[in-house]
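Listed below, chain by chain, are the residues.
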2 protein chains.
Amino acid sequence: MKIGVAKESAAGEKRVALTPDAVKKLSGKGFEIQIEEGAGLAAHFTDENYHAAGAVIVEHKTALSAGIVVRVRKPDLEEVKALANDSIHISLTETCGDDEVLSAMRKKNVTILSMERIPRISRAQSMDALSSQSNIAGYRAVIDAAAHYGRFLPLMMTSAGSAKPARVVILGVGVAGLQAIATARRLGADVYAYDIRPETKEQIESLGAKAIVLDVGESGSGEGGYAKELSDEAKARQQAALADELSKAHVIITTAMIPCRPAPTLITEAVVERMREGSVIVDLAAATGGNCPLTEADKVVTKHGVILIGHTNYPSMMPSDSSAFYAGNITNLLNIMVDTTDGELVLKNLDEDEITEAMQVRAES
Amino acid sequence: MKIGVAKESAAGEKRVALTPDAVKKLSGKGFEIQIEEGAGLAAHFTDENYHAAGAVIVEHKTALSAGIVVRVRKPDLEEVKALANDSIHISLTETCGDDEVLSAMRKKNVTILSMERIPRISRAQSMDALSSQSNIAGYRAVIDAAAHYGRFLPLMMTSAGSAKPARVVILGVGVAGLQAIATARRLGADVYAYDIRPETKEQIESLGAKAIVLDVGESGSGEGGYAKELSDEAKARQQAALADELSKAHVIITTAMIPCRPAPTLITEAVVERMREGSVIVDLAAATGGNCPLTEADKVVTKHGVILIGHTNYPSMMPSDSSAFYAGNITNLLNIMVDTTDGELVLKNLDEDEITEAMQVRAES
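Bear in mind that the values here come from a model prediction, so they are computed numbers and not experimental data.

What follows covers the overall build of chain A. From N to C terminus, chain A includes twelve helices and 17 strands. Rg of the C-alpha trace for chain A: 22 Å, near the compact-globule value of 21 Å for 365 residues, within the 12% margin. In terms of principal-axis extent, the alpha carbons of chain A reach across some 70 × 50 × 35 Å. Going through the 365 residues of chain A one by one, you find that 56% of them count as buried. Summarising the internal contacts of chain A: among those between residues at least 6 apart in sequence, 61% fall at separations of at least 24. Distance between charge centres in chain A, computed from 38 positive and 49 negative side chains, equals 5 Å.

Below you can see the structure in the form of structure tokens.
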């Protein structure tokens, strides 16, 4: 059973779907891995590393024409032409509804397994790419904030004077927010965090941060542990109640996203105006409109003296580990997709497992 | 007594010699502060902040023509023309011997006080700008390393797999090295450190790092707590003994500088070749040739798969706090330069205080 790993073609994407370590594990199980020349270079994995792990180095089109293709991002229309009819394609699909790439794939009867659709059940936790990548985004966002902030995050006492710890506020306490709290705490910042799901309070406090508790009149707890959208009235109440807390912040890492919906506005322009000069906002929701309307996707801009960072792909900025964790997710997924019969790998019926059933992007969806 | 603060003119320099807080203290003591319009903007201090603290906002030339001019960097030749005859100029002078700027200043009988020449005595500790700025460089260098390293620095255990803590080696355990150790430890890295001065072992261990102990046949402890240059034989022994330790490192922060001498080579090209792809070297000695011959000053380059970072002005990358600490040094210095007689500030004889005596850059030096 051949697995093809093509180099990512999306602009600026440095990740690769399998690392040499993952190749070694999958080869050991009986898969044949065909990886495109240079596919791992941007993530610091060389062709020699892959070859030594048991992969065959191939051209772009050969990698795409395998029976199973694994990828970080979805292919472009040109790449779909190289996919084999009736093959399986595993990647993030980056869409809620449908689009022309997915339609083109479906016309070739490609089974599209979307890494975003892995159900939030405990058996699938080790395959949850959204979590593995969000964890990296949360860490990397704090490093970026520290790099753009003109001051220390920790308390600094020296003979020339002292600096107070930075006041860092984390908005949205999902996987990214939790890792951002942990990283800002490691760096010695004074950390506050807010989430519309009241059950996060304990998690916030267990990481040594202070929970910001607001009464917005309704709960934002949605299905599967995700946040749900608030009513307009509750949103307005939330913005007003947050304003004072946020205007005191020196660094804000904001991570509030709602699946398939624009990100909620949590930081208004009026709040940005009130923040101290040189403060930093890292808006992890920049790709879906941002939690601050002043954020510009994939740019660093300064407005009202505040530095707004809108990078939309932090995992790609830490490509070795983001690839390693993604490859771990893919490997765990591939493991439940096959059986070994008489020493041969046999593909299971993907409709019969709750996980691979849920992952399929079908025409009617 | 007027103090002029001109905006820095050196390329990329974001610091400012006085902050609004420092202005407030000095105004309270009786100094009149004249600061150039926009002098603090790059460090996130506005003219309004300075005005509110008691400063008068003036033009470039007016700031330079005050009786005492305080600056981060030394002036350029054009700026020297604006200095008043017989005035006092306080700044880093960035030279060991003499140069045409200092000569031009001396022709106008300007008293040149060099912040690098503050003696290493305990009474002068609060004025020690080399220490205050090195402390910032050590912290910021680790943040930069974390931003360029494609992996986590801390141990990371997740359902998708785990990542070991990064192996970070700090070379040179002065002020910058100690802060680099502390910051890398905060971020959860596995930290090793080396210095030619054997007395640093205890300091290294007190910060939770492991001391690399090598026998190079002689001690590198020099005057005033600084390192001295080793003999050629000892240098060769040091390079060889360090090679194995360094080639295992994922991140190296190297800070070994010898006053007024080229930086010693600690990381040879052969070591860089042995390091893992994607490893990071931050060479804080880049301005004086680097501790690694592959470093390029003020550039980030990748050689043999290793990312070499050669920024020469990390304090300027954290301009609010570096300015605040530098301004603290300047304020403490100004305090010992004056007496108050009948409510009036009177300049003391600068030759009569050990500190201001040592700081003067005289023609014969």
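Mapping chain B onto chain A leaves a residual RMSD of 0.0 Å; the transformation is a rotation of 180° accompanied by 0.0 Å of translation along its axis. One copy is carried onto the other by what is essentially a two-fold rotation axis. Across chain B, the rotation axis passes nearest the C-alpha of R186(B), at a separation of 2.7 Å. Taken together, the interface assignments show that 100% of the residues at the interface of chain B recur at the interface of chain A, consistent with an identical surface on both copies.

Let's shift gears to the interface of chain B and chain A. Counting residues at the interface gives 44 residues for chain B, matched by 44 residues for chain A. Here chain B meets chain A over a buried area of about 3600 Å², counting both sides, of which 60% is carbon and sulfur. When residues of chain B are sorted by the area they lose upon contact with chain A, H44(B), F152(B) and R186(B) head the list and together hold 18% of the total. Joining chain B to chain A, the criterion identifies two salt bridges. With its nearest N and O atoms 3.8 Å apart, the salt bridge here joins R151(B) to D321(A). For the interface between chain B and chain A, the tally reads twelve residue pairs in polar contact (both at pLDDT 80 or more). Going through the elements one at a time, α6 (129-148), β7 (156-158), β8 (161-163), α7 (175-186) and α11 (319-337) of chain B are the ones with two or more residues in the side of chain B that touches chain A.

On to the state of the cysteines, then. Residues and elements named next belong to chain B. On inspection of all chains with the given rule, the structure shows two disulfides over all chains. Disulfide pairing places C96 opposite C260 at an S-S distance of 1.7 Å. The sign of the S-S torsion, about -90°, decides the handedness of the disulfide formed by C96 and C260: left-handed. You can see C96 sitting in the loop between β5 (88-91) and α5 (100-107) and its partner C260 sitting in the loop between β12 (251-254) and α10 (269-274), a full 164 residues away along the chain. Given a relative accessible area of 55%, C260 falls into the exposed group.

A few words now on unusual backbone geometry. Notably, D342(A) is not glycine yet its phi reads approximately 50°, a positive angle. The topology assignment puts D342(A) in the loop between β16 (338-341) and β17 (344-347). Residue classification places D342(A) among the exposed residues on the basis of a relative accessible area of 77%. The backbone of H304(B) sits at a positive phi, close to 55°, despite the residue not being glycine.

Right, let's talk about the pairing of strand β12 (residues 251-254) of chain A for a bit. Residue and element names in this part refer to chain A. Burial along β12 is two-sided: the face carrying V251 and I253 and the face carrying I252 and T254 are both buried. Where strand β9 (residues 167-171) lies against β12, four bridges are found, and the strand directions are parallel. Its bridge partner being in β12, V168 is matched across the sheet by V251. With four bridges connecting them, β12 and strand β13 (residues 280-283) associate as parallel partners. If you follow I253 over to β13, its bridge partner there is V282. For the crossover from β12 across helix α10 (residues 269-274) to β13, the handedness is right-handed.

Another aspect to go through is the sheet that holds strand β1 (residues 2-5) of chain A. All names here are of chain A. Taken together, six strands build an open sheet; the order of strands is β3-β2-β1-β4-β5-β6 and the sheet is parallel. The two strands at the open ends of the sheet, each matched to only one other strand, are β3 (56-58) and β6 (111-114). Neighbour to neighbour, the strand axes of the sheet diverge by 25° on average, direction disregarded. Across the face of the sheet, helix α11 (residues 319-337) comes into contact with β1, β4 (68-70), β5 (88-91) and β6 while running at roughly 145° to β5.

Take the side chain of R197(B) next. Residues and elements named next belong to chain B. As for its position among the elements, R197 is in the loop between β10 (190-194) and α8 (201-206). Engagement of the side chain of R197 in a polar contact is seen with the backbone oxygen of V173, the distance being 3.0 Å. Not counting residues within four places of it along the chain, the set of residues in contact with R197 comprises V173, G174, G220, S221, G225, Y226 and A227.

Along its twelve residues, helix α7 (residues 175-186) of chain A runs 17 Å from first to last C-alpha, staying within 8% of the 16 Å computed at 1.5 Å per residue. Where α7(A) terminates, the next one or two residues include G188(A), which has phi positive at roughly 90°.

What follows covers the domain arrangement of chain A. All names here are of chain A. In terms of domain boundaries, chain A breaks down into domain 1 (2-117 + 318-359) and domain 2 (134-316). Taking only C-alpha atoms, the centre of domain 1 and the centre of domain 2 are 33 Å apart. Between domain 1 and domain 2, the residue contacts involve eleven residues of the former and eight residues of the latter. Between domain 1 and domain 2 the total buried area reaches about 730 Å² when both faces are included, carbon and sulfur atoms providing 61% of it. Considering only the side of domain 1, the residues that lose the most area to domain 2 are R15, C96 and M318, jointly responsible for 64% of the buried surface there. Joining domain 1 to domain 2, the criterion identifies zero salt bridges. Counted by class, the side of domain 1 that touches domain 2 contains four nonpolar, two polar and five charged residues.

We now examine the sheet that holds strand β15 (residues 306-309) of chain A. All names here are of chain A. Ordered in space as β11-β10-β9-β12-β13-β15-β14, the seven strands form an open sheet in which the pairing is mixed. Each edge of the open sheet carries a strand with a single partner, namely β11 (210-211) and β14 (300-303). Summarising the sheet, strand β10 (residues 190-194) and β11 pair through two bridges and their orientation is parallel. Looking across to β11, one finds that A193 is bridged to A211.

All right, on to the pattern of salt bridges then. Residues and elements named next belong to chain B. In total, this model carries 46 salt bridges over all chains according to the counting rule given. The salt bridge involving R71 is made with E8; its shortest N-O contact spans 3.8 Å. You can see R71 sitting in the loop between β4 (68-70) and α4 (77-82) and its partner E8 sitting in the loop between β1 (2-5) and α1 (20-29), a full 63 residues away along the chain. In this structure, K74 and D99 form a salt bridge, with 2.2 Å as the shortest nitrogen-oxygen distance.

This part is about the packing of aromatic side chains. According to the stated counting rule, one finds six aromatic pairs over all chains in the structure shown. For the ring pair F45(B) and Y50(B), a centre distance of 6.5 Å and an interplane angle of 70° mean the geometry is edge-to-face. You'll find F45(B) and Y50(B) in the same group, each marked buried. An aromatic cluster is built from Y139(A), F325(A) and F152(B), whose rings are joined through pairwise contacts.

Residue and element names in this part refer to chain A. Here β10 lies mainly inside the structure; four of its five residues are buried. In this sheet, β10 lies alongside β9 in parallel orientation, the contact comprising five bridges. Considered in β10, the bridge of V168 is made with V191. Note on the crossover from β9 through α7 to β10: the handedness is right-handed. After leaving β10, the chain enters helix α8 (residues 201-206) and then returns to the sheet as β11, a path that is right-handed.

Definitions and limits used
- Residues numbered from 1 in each chain as written.
- Chains lettered and ligands numbered in written order.
- Predicted model: local features only at pLDDT ≥ 70, side-chain atom pairs only at ≥ 80, totals over all residues.
- Heavy atoms only, no water.
- Helix = DSSP H or I, 4+ residues; strand = E, 2+ residues; numbered from the N terminus.
- Rg over C-alpha atoms; globule rule 2.2 N^0.38 Å.
- Buried < 20%, exposed > 50% of the residue type's maximum accessible area, 1.4 Å probe, protein only.
- Contact = heavy atoms within 4.5 Å.
- Lys, Arg positive; Asp, Glu negative; His and termini not counted.
- Charge placed at Lys NZ, Arg CZ, Asp CG, Glu CD.
- Least-squares fit on C-alpha atoms with pLDDT ≥ 70 in both.
- Buried area = accessible area lost by both parts, 1.4 Å probe.
- Salt bridge = Lys/Arg side-chain N within 4 Å of Asp/Glu carboxyl O.
- Polar contact = N/O pair within 3.5 Å; in protein donor to acceptor, adjacent residues only side chain to side chain.
- Disulfide = S-S within 2.5 Å.
- Pairing = 2+ DSSP bridges.
- Right-handed = clockwise from strand over helix to strand, strands pointing away.
- Axes fitted to C-alpha atoms, helices over the stretch in contact; angles between N-to-C directions.
- Expected span 1.5 Å × (residues − 1).
- Domains from an automatic or database assignment.
- Nonpolar A, V, L, I, M, F, W, Y, C, P; charged D, E, K, R; others polar.
- Phe/Tyr/Trp six-rings, centres within 6.5 Å; stacked < 30°, edge-to-face > 60°.

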